[in-house]
Amino acid sequence: MNCYLCGEQDLVRLTEHLRSGPGVVLYCDACDLGILQDRPNDLKEYYEKEYRKTHGPRLGQQSDYAELFDAYVAHQGQRVELLKPWLDRTMRLLEVGCGTGQFLYNVKGSVREVVGVDIDPSAAKFAARSCKCDAFGGRLEDAPLAVASFDVVCSMQTMEHVEDPVDFARTLARYLKPGGRVFVEVPSLSDPLLSIY
């Protein structure tokens, strides 16, 4: 496996243990990038049927969509505050990987319209109800959304789940109006939860 960003072939095996069990994370010293080596063959099926059985507020236990929303909705304030300087009430905002809509619910008062997309159709349906907005299940490219139609595109804690992060970034950019902005949040290998605890 080569680094997604620079193509480096000499990757270091960082760990063989993930929070949910065995799994290999490789590290590119040239880019300071961690890469999950083994991914499910069919990401759409995995996120629709398997992911939420073990990933949620109670580690290793299945959560329903209401529990996910309730666990994370109150923890979006810092994200919204970081984005506020670039938001106004005339804008359309798209969140890719919206889950149950906890970020959309919090940011919708700062823009004219919020729209979500999540690969898990049931999560997107929950987001649409909880946020009273449009939210579509499946891949972004398959959603009935016009390219170059959003002022802001956000993707929080999603890029690390996709098959090709570089292509994913290009896809996000296609949905921006000229002069629009993309905001991406990804986990950090320097996170104190990993480096200290």
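What this report covers is the structure whose coordinates are included nearby.

### Things to note about the packing of aromatic side chains
Aromatic ring pairs are defined here through the distance separating the ring centres and the angle between the ring planes. Applying the stated criterion to the full structure yields 3 aromatic pairs. Plain terms: the ring middles of Phe69 and Tyr105 are 5.6 Å apart, the flat faces sit at 90° to each other, and that makes the pair edge-to-face. Of this pair, Phe69 sits in helix α3 (residues 65–72) while Tyr105 sits in helix α5 (residues 102–107); the two residues are 36 residues apart in sequence, bridging distant segments of the chain. Residue Phe69 is classed as buried on the basis of its relative accessible area, which comes to 9%. An aromatic cluster of at least three residues, connected via ring pairs, comprises Phe69, Tyr105 and Phe126. In this structure, Arg92 packs its charged tip against the face of Phe150, placed 4.2 Å from the ring centre.

### Some thoughts on the sheet that holds strand β5 (residues 113–118)
In spatial order, the strands read β6-β5-β4-β7-β8; together these 5 strands make up an open sheet with parallel pairing. Of all strands in the sheet, those bounded by a partner on one side alone are β6 (134–137) and β8 (176–185). Going across the sheet, the axis of each strand differs from the next one's by a mean of 15°, ignoring polarity. With 5 bridges connecting them, strand β4 (residues 92–96) and β5 associate as parallel partners. Its bridge partner being in β5, Glu95 is matched across the sheet by Gly116. Strands in contact with helix α6 (residues 121–131) are β5 and β6; relative to β6, the strand with the most contacts, it is inclined by about 175°. Running over the sheet, helix α7 (residues 165–174) touches β4, β7 (150–156) and β8 and is turned about 140° from β8.

Procedures and definitions
Residues numbered from 1 in each chain as written. Predicted model: local features only at pLDDT ≥ 70, side-chain atom pairs only at ≥ 80, totals over all residues. Heavy atoms only, no water. Phe/Tyr/Trp six-rings, centres within 6.5 Å; stacked < 30°, edge-to-face > 60°. Helix = DSSP H or I, 4+ residues; strand = E, 2+ residues; numbered from the N terminus. Buried < 20%, exposed > 50% of the residue type's maximum accessible area, 1.4 Å probe, protein only. Lys NZ or Arg CZ within 6 Å of the ring centre and 35° of its normal. Pairing = 2+ DSSP bridges. Axes fitted to C-alpha atoms, helices over the stretch in contact; angles between N-to-C directions. Contact = heavy atoms within 4.5 Å.

Taken by themselves, the reported measurements are silent on function.
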